[in-house]
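Inside the fold
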Amino acid sequence: MLEKDILCATDLTPVSDAAVRAARAIASRFATSVTLLHVLDRNERTAEGRERTTAAMNAQIAQAGSGARITAKLVEGDFMKDIATESGEGHALLVLGTHGARGLRQNLFGADILKLVRHASTPSLVVQEGLDEAKLLQRIVLPVASHSDLDRLLDMVVALAKGFAADVHVYQLVRPGESPSPELLANKQKMIVRLQAEGLRHEEVNEPSTAFSIGFADATIRYAERVGAGAIAIMAHAS
């Protein structure tokens, strides 16, 4: 599934340095390359601005280290639309860095990151600030959900787990007195059967809920932190 190259979008800030390192590490594992994409803002659309941006991208590529070929690509336009459009040009995976809610909407990957991921044509890996490259994809938490179109997510989890010799935790938060839906239980079984068939190390986790919460995000994140996971694999669209 990762025979094609990896697309990595950069805003040339330190958090995107982490995304470039992650993209390079993944490309190295799968013997493929990286397209490093930057969408020029208005201040960069001059000869001098392009020169500065190209130099910054080359420095970012050099800083990422060896192991995979990284090619810079510059485009002009709206960064949300152009990254989403480029993701449909035959790439295997989109890698992004996020600043979280602190990011400036117009030129940083901040609060709009989920909107961008939802419009991407390829699976996406969102890299947080403070990436520990040693833990990258060594353990993947796969929360159980009731989506009807789970196959693409499972395909990517299997591919990455194989490439990084990762173990996968199939995670379900169990609320007292609440019965899981038939769709959720069927997806859980589908996940486990697929991981077994692929010969991947995996663990079924049924964690009792100890506090009331709306949704499952907080508990999932806390679990991932507790077990030292390098990634949480989710569907971008709600089930």
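Bear in mind that the values here come from a model prediction, so they are computed numbers and not experimental data. (Residues numbered from 1 in each chain as written. Predicted model: local features only at pLDDT ≥ 70, side-chain atom pairs only at ≥ 80, totals over all residues. Heavy atoms only, no water.)

With that settled, consider the pattern of salt bridges. In the structure shown here, the tally under the stated rule is 13 salt bridges. One salt bridge connects Arg24 with Glu133, and the closest N-O pair in it is separated by 2.7 Å. With a gap of 109 residues between them, Arg24 in helix α1 (residues 14-29) and Glu133 in the loop between β5 (124-128) and β6 (139-143) connect regions that are remote in the sequence. We classify Arg24 as buried; its relative accessible area is 12%. When its relative accessible area of 28% is taken as the criterion, Glu133 is described as partly exposed. Two residues, Arg194 and Asp155, come together in a salt bridge whose shortest N-O distance is 3.0 Å. Of this pair, Arg194 sits in helix α6 (residues 182-197) while Asp155 sits in helix α5 (residues 151-164), placing them 39 residues apart in sequence. (Salt bridge = Lys/Arg side-chain N within 4 Å of Asp/Glu carboxyl O. Helix = DSSP H or I, 4+ residues; strand = E, 2+ residues; numbered from the N terminus. Buried < 20%, exposed > 50% of the residue type's maximum accessible area, 1.4 Å probe, protein only.)

Of note, Ala31 is a non-glycine position whose phi angle comes to about 50 degrees, a positive value. Assessed through its relative accessible area of 75%, Ala31 is described here as exposed. In the Ramachandran plot, Leu137 falls in the positive-phi region, its phi being about 60 degrees despite a non-glycine side chain.

Let us look at the environment of Pro182. The topology assignment puts Pro182 in helix α6. When the C-alpha atoms of Pro182 and Ser146 are compared, they prove to be 8.4 Å apart, with 36 residues separating the residues in sequence.

What follows deals with the side chain of Asn187. Checked against the element boundaries, Asn187 lands in helix α6. In this structure Asn187 touches Ala145, Ser146, His147 and Leu150, once residues within four positions along its chain are discounted. (Contact = heavy atoms within 4.5 Å.)

Before going further, it helps to spend a moment on the nonpolar core. In terms of nonpolar packing, the biggest core is built from 48 residues, with Ile6, Ile26 and Val95 touching the most fellow members. Every residue in contact with Ile26, bar those within four places of it in the chain, is listed here: Leu2, Ile6, Leu93, Leu125, Leu137, Leu160 and Phe164. Leu7, Ala9, Ala84 and Leu96 belong to the second-largest nonpolar core, a separate cluster that totals 14 residues. (Core = buried A, V, L, I, M, F, W, Y, C linked by side-chain atoms within 4.5 Å.)

Counted at 1.5 Å a residue, the expected span for helix α2 (residues 47-64) with its 18 residues is 26 Å, and the 26 Å between its end C-alpha atoms agrees. Two residues or fewer after α2 comes Gly65, characterised by a positive phi angle close to 90 degrees. (Expected span 1.5 Å × (residues − 1).)

Turning our eyes to something else, we now look at the pairing of strand β3 (residues 70-76). Pairing of strand β2 (residues 34-40) with β3 involves 7 bridges; the strand directions are parallel. By the bridge assignment, Val34 is partnered in β3 with Ile70. Each parallel crossover has a hand, and the one from β2 via α2 to β3 is right-handed. (Pairing = 2+ DSSP bridges. Right-handed = clockwise from strand over helix to strand, strands pointing away.)

Once that is clear, we can look at the side chain of Thr122. Mapped onto the fold, Thr122 is located in the loop between α4 (113-119) and β5. Side-chain polar atoms of Thr122 contact the backbone oxygen of Ala92, separated by 2.9 Å. Not counting chain neighbours up to four residues away, the residues in contact with Thr122 comprise Ser87, His91, Ala92, Leu93, Leu94 and Arg152. (Polar contact = N/O pair within 3.5 Å; in protein donor to acceptor, adjacent residues only side chain to side chain.)

Moving on, we get to the packing of α1 against α5. The interhelical angle for the contact between α1 and α5, taken along N-to-C directions, is 80 degrees, at an axis separation of 9 Å. Relative to α5, the element α1 is oriented roughly perpendicular. Facing α1, whose interface residues are Ala25, Ile26 and Arg29, α5 presents Leu160, Gly163 and Phe164. Each residue belonging to the contact of α1 with α5 can be placed in one class, and the counts come to 4 nonpolar, 1 polar and 1 charged. (Axes fitted to C-alpha atoms, helices over the stretch in contact; angles between N-to-C directions. Parallel < 35°, antiparallel > 145°, perpendicular 65-115°, else oblique. Nonpolar A, V, L, I, M, F, W, Y, C, P; charged D, E, K, R; others polar.)

Read across the open sheet, the 5 strands follow the order β3-β2-β1-β4-β5; overall the sheet is parallel. Among the strands making up the open sheet, the edge pair consists of β3 and β5. Sheet twist, expressed as the average angle between the axes of neighbouring strands with direction ignored, equals 25 degrees. Pairing of strand β1 (residues 6-9) with β2 involves 4 bridges; the strand directions are parallel. Opposite Cys8, over in β2, you have Leu36 as the bridge partner.

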